[in-house]
Amino acid sequence: MGYLFGPVLSRRLGLSMGVDLLKYKTCNLDCVYCELGRTACLTSCRDRFVPRQKVIREIELRRAEPFDHLTFAGSGEPTLSLDLGEIVSRAKELVNSPVAVITNSTLLSSPSVRKEVSAADVVLPSLDAVSEKAFQSINRPASGLLAADMIEGLKEFRKEYSGEIWLEVMLVKGINDEEAEEIARAAESTEPDRIQLNTVVRTPAEPVEPLSEEEMRRMLEIFPGAELIPDWDWCVPDRIRDRLMELLMARPGTLEEISCHLKIDGSDAIKYCKIMENDGLISRRLHGGKLYFHAIDES
Ligand code: SF4
């Protein structure tokens, strides 16, 4: 056991149960902003890293737990796993929630990888660079990978895949922000359903700097229709905070109950619970297969 992790609260995917098909940390990129640290195994060779049947068995055992997405992500680049397609297809039969794949997009230039990833309901690819210079600077790819191939792969994938594509662009000060306009044009050309802008918010592999909140908001002019995903803009309105504390003081509540009681959508319920959890005001626990939030009473 140990191929699934979480569920974790993710702003992009709600309550996300992770599936990790890799050995730590196996990737074909070595991104300067990677929160997992430097890439230990830099490779573009697809391989089998974990026992497929054991992963499927673990999904079977945990499928009744509450989560909004079963998400293939974790210790590196999921498309490096030759088992990805089969496990995603099997997971779709086993779980009721949508299945998501987070990928750095580099292997979408391969028709067989595109076919495997297409089994998912939601695909979250990344695009951080258009010029090879910026690609080298921010993503530090394994030899042979080109930004141009990655962009073509994303375009081909869009033609073949009818599910949701949520494209993430990670912006790092002084590294790729200067070619934001080119990235925006390339991102649009790949026709994703959503473009989500991010910057460095967690401890990066290298001492790189995030864009400020103001700079990120200006990026929305360059990427019209995009969304911001870093959590520095997260705050809980006083009115919501008071009502949520009142509700959870009375009794623990699920995300569904919180969203219904406060008349807010599910993603806001997740966001507010996560902030209040970080602030030490509430906590969560699993009970009877359901996730409940409860107030921390310090009196
Ligand atoms: S692609 Fe993802 S896992 Fe790989 S180095 Fe970049 S951020 Fe880390």
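Residues numbered from 1 in each chain as written. Predicted model: local features only at pLDDT ≥ 70, side-chain atom pairs only at ≥ 80, totals over all residues. Heavy atoms only, no water.

A separate point is the packing of helix H8 (residues 238-250) against helix H9 (residues 255-262). Running from N to C, H8 and H9 cross one another at 125°; their axes reach a closest spacing of 11 Å. Overall, the two elements H8 and H9 adopt an arrangement that is oblique. Crossing of H8 against H9: the hand is right-handed. When H8 is examined against H9, the residues Ile240, Arg243, Leu244, Leu247 and Leu248 are found in contact with a partner set consisting of Ile258, His261 and Leu262. When the residues that make up the contact of H8 with H9 are grouped by side-chain class, the tally is six nonpolar, one polar and one charged. (Axes fitted to C-alpha atoms, helices over the stretch in contact; angles between N-to-C directions. Helix = DSSP H or I, 4+ residues; strand = E, 2+ residues; numbered from the N terminus. Parallel < 35°, antiparallel > 145°, perpendicular 65-115°, else oblique. Left-handed = near helix turned anticlockwise from the far one by under 90°. Contact = heavy atoms within 4.5 Å. Nonpolar A, V, L, I, M, F, W, Y, C, P; charged D, E, K, R; others polar.)

Taken in spatial order, the eight strands line up as S1-S2-S5-S6-S7-S8-S9-S10 in an open sheet, and their pairing is mixed. For this open sheet the edge positions go to strand S1 (4-10) and strand S10 (227-228), each flanked by a neighbour on one side alone. Relative to strand S2 (residues 14-19), S1 runs antiparallel, the two sharing five bridges. Paired with serine 10 across the strands is glycine 14, a residue of S2. (Pairing = 2+ DSSP bridges.)

Counted by the stated rule, this structure contains 26 salt bridges. Salt-bridge contacts for arginine 194 lead to glutamate 227; the nearest nitrogen and oxygen are separated by 2.7 Å. Here the residue arginine 194 occupies a position in strand S9 (residues 194-199), and glutamate 227 occupies one in strand S10, the gap between them amounting to 33 residues. The class of glutamate 227 is partly exposed, set by a relative accessible area of 26%. Within this structure, Asp30, Arg38, Arg140 and Glu206 form a network of salt bridges that share partners. (Salt bridge = Lys/Arg side-chain N within 4 Å of Asp/Glu carboxyl O. Buried < 20%, exposed > 50% of the residue type's maximum accessible area, 1.4 Å probe, protein only.)

Annotation of the protein at the domain level lists domain 1 (4-230) and domain 2 (238-295). Measuring from the centre of the C-alpha atoms in domain 1 to the corresponding centre in domain 2 gives 29 Å. Each partner contributes residues to the interface: domain 1 has eleven residues there, and domain 2 has eleven residues. Summing both partners gives a buried area of about 790 Å² for domain 1 against domain 2, and 67% of it is carried by carbon and sulfur. The tally of links between domain 1 and domain 2 comes to zero salt bridges. The interface formed by domain 1 and domain 2 holds zero residue pairs in polar contact (both at pLDDT 80 or more) in total. Of all elements in the fold, only S1 and S2 reach the threshold of two or more residues within the side of domain 1 that touches domain 2. (Domains from an automatic or database assignment. Buried area = accessible area lost by both parts, 1.4 Å probe. Polar contact = N/O pair within 3.5 Å; in protein donor to acceptor, adjacent residues only side chain to side chain.)

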